[in-house]
Structures are given as C-alpha cells and as structure tokens.
Amino acid sequence: MTKVLVLYYSSYGHIETMAEEIARGAREAEAEVAIKRVPEIVPDHVAQRAGYKLDQSAETAAVAELPDYDAIIFGTPTRFGNMAAQMKNFLDQCGGLWFENKLVGKVGSVFTSTGSQHGGQESTILSVHTVLLHLGMVVVGLPYTFKGQMRMDEVTGCSPYGASTLADDGNGGDRRPSANELAGARFQGRHVAGIARALAAGRLKEAA
C-alpha cells in the first residue's frame with residue numbers, strides 16, 4: 001500500500017484543518033496515511049500570549065522517518081510570502097537525507113494558508129518547492145482538473161501550485177477554510193496518492 005505523510009505546521013488551526021482534508025483525499029485513493037506536525041520552536045509563553053492552538057492531536061514528526069513514505073504533502077502558513085520558520089527549521093535538518101539521496105524520487109506536494117487573498121500563497125508554496133527539488137523529490141501541485149480553483153463567484157484559495165485557504169475574513173476576524181478550499185485539499189491528497197502509487201508500481205516493475 002502506498003504510504004503518504006501529511007506533514008504540517010499550524011499556528012491557529014487553519015493548516016491543521018486542511019491537513020485533515022488532504023489526508024482524507026489520500027485515503028480515498030487507498031493510501032496508508034499518517035498526519036504529523038513539525039516541532040514548535042516558539043517558546044510556550046510566547047505561543048500562549050499569541051493565542052496559538054496548542055491542543056493539536058497530531059504527533060511530532062522526526063526527520064529520520066521521512067524516507068519511510070512514498071509521498072510527503074507539506075502544509076505551512078505564510079510568513080511574509082515564505083514558509084513558516086518552524087517548517088524551514090525542520091527542512092534544514094534534512095542534510096543527511098540529502099547527502100544519502102534518501103528522498104530522491106519521492107513525491108512532494110505543498111498546501112498553505114494566508115491572512116489575505118494576496119498574502120503570498122503562491123510564493124510560499126514555491127519556496128517549499130525549491131527545497132523539495134534540492135532533495136530530489138518529484139513535485140506535484142493541484143491540477144486544473146480541480147475546477148474549484150477557477151471559481152469567480154467567491155473569494156477562495158487554491159491554485160495550480162497547491163491547495164490554500166484564507167485565514168482572515170477581511171475585517172480582522174477569523175475565517176475557517178471554505179467548502180471549496182477543503183475540496184481542493186481533498187483533491188490534492190487524492191491526486192498525490194495516485195501519482196505516488198503509480199511511481200511505486202513502476203519501480204517495482206523495473207526491479208522485477
């Protein structure tokens with residue numbers, strides 16, 4: 001069975017919600033799915049003061065386990081048009097895996113959240129893509145076969161780079177992922193799992 005890891009960082013729960021939907025889609029493609037998060041590096045008292053969601057159920061991932069999966073789908077909020085420091089800190093520890101080519105040929109994909117409609121969704125996803133390419137991963141996005149990213153009747157996340165959500169309602173209030181954004185996340189999870197399964201089957205055929 002294809003093994004998929006949904007690996008995320010979430011401060012306020014938006015990415016956590018998207019991660020659960022990504023995992024749901026991957027399971028629909030009959031993949032074995034694990035949902036894990038990268039470690040928090042913000043001091044506890046700072047996180048509490050900022051209102052971070054500290055009761056997330058996902059266990060913390062270890063860098064050493066990444067090669068165990070056929071596909072890894074990374075989720076990170078945007079920080080000034082780039083990935084969050086927590087995710088970058090985790091990826092910066094992958095030097096040993098890079099040196100030994102442990103992630104070459106694995107499928108990598110990315111989803112994100114931003115506080116506003118033009119808050120850097122695409123640049124954030126692309127910033128993670130750069131790292132994945134250095135690690136030798138096969139980068140997969142959210143194809144236009146997901147028609148929800150073409151919608152013009154509502155403000156929504158999602159692009160060919162990957163699923164995304166908007167975290168602010170435009171008035172400084174909290175906005176949860178919309179039905180369309182969750183559908184994009186589920187589509188991406190299913191799509192990535194299908195590609196990972198096909199690649200794994202090809203490698204088995206070559207080895208036979």
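Keep in mind it's a predicted model, so treat the numbers as computed, not measured. (Residues numbered from 1 in each chain as written. Predicted model: local features only at pLDDT ≥ 70, side-chain atom pairs only at ≥ 80, totals over all residues. Heavy atoms only, no water.)

(A) Structural detail: the overall build of the protein chain. Along the backbone of the protein chain there are six helices and eight strands. Listing each helix as α and each strand as β along the protein chain from the N terminus yields β-α-β-α-β-β-β-α-α-β-α-β-β-α. Here the protein chain has a C-alpha radius of gyration of 16 Å; the compact-globule value for 208 residues is 17 Å, and the two agree. Each of the three principal axes of the protein chain carries a C-alpha extent, and together these read 60 × 40 × 25 Å. Within the span of the protein chain, comprising 208 residues, buried residues form 51% of the whole. Nonlocal contacts in the protein chain, meaning residues at least 24 apart in sequence, comprise 76% of its contacts between residues at least 6 apart. Accessible surface, the protein chain: about 9900 Å² in total, of which carbon and sulfur atoms supply 53%. Each charge class in the protein chain can be summarised by its mean position, and for the 20 positive and 23 negative side chains these summaries are 4 Å apart. (Helix = DSSP H or I, 4+ residues; strand = E, 2+ residues; numbered from the N terminus. Rg over C-alpha atoms; globule rule 2.2 N^0.38 Å. Buried < 20%, exposed > 50% of the residue type's maximum accessible area, 1.4 Å probe, protein only. Contact = heavy atoms within 4.5 Å. Areas by Shrake-Rupley, 256 points an atom, 1.4 Å probe, with all protein chains shown as cover. Lys, Arg positive; Asp, Glu negative; His and termini not counted. Charge placed at Lys NZ, Arg CZ, Asp CG, Glu CD.)

(B) Helix α1 (residues 14-28), seen in detail. For α1, with 15 residues, the first-to-last C-alpha span of 22 Å sits near the 21 Å given by 1.5 Å per residue. Taken residue by residue, α1 has His14, Ile15, Glu16, Met18, Ala19, Glu21, Ile22, Ala23, Gly25 and Ala26 as its buried positions. Along its buried surface, α1 packs onto β1 (3-8), β2 (32-37), β4 (71-79), β6 (107-114), β8 (164-166) and α6 (179-207). (Expected span 1.5 Å × (residues − 1).)

(C) Fine view of the environment of tyrosine 52. Inspection of the secondary structure puts tyrosine 52 in the loop between α2 (44-49) and β3 (59-60). The exposure class assigned to tyrosine 52 is buried, which follows from its relative accessible area of 17%. Along the primary structure tyrosine 52 and serine 11 are separated by 41 residues, whereas in three dimensions their C-alpha atoms are 5.1 Å apart.

(D) Spatial organisation of the UniProt feature "binding site: FMN" (unreviewed entry) in the protein chain. Under the feature "binding site: FMN" (unreviewed entry), the UniProt entry names Ser10, Ser11, Tyr12, Gly13, His14, Ile15, Thr78, Arg79, Phe80 and His134. In sequence the annotated residues extend across 125 residues, and in space they extend as well, their farthest C-alpha pair lying 29.5 Å apart. For isoleucine 15, the location among the structural elements is in helix α1. Classification of isoleucine 15 by relative accessible area gives buried; the value is 1%. Leaving out residues up to four positions away in the same chain, isoleucine 15 has contacts with Tyr8, Tyr9, Ser10, Gly75, Thr76, Pro77, Phe111, Thr112 and Ser113. (UniProt positions renumbered as here; feature names shortened; annotations may be inferred.)

(E) Local environment of unusual backbone geometry. Residue glutamate 30 is not a glycine yet carries a positive backbone phi of 65 degrees. In this fold, glutamate 30 is placed in the loop between α1 and β2. Glutamate 30 gets classed as exposed once you look at its relative accessible area, which sits at 64%. One non-glycine residue, asparagine 101, lies in positive phi territory at about 60 degrees.

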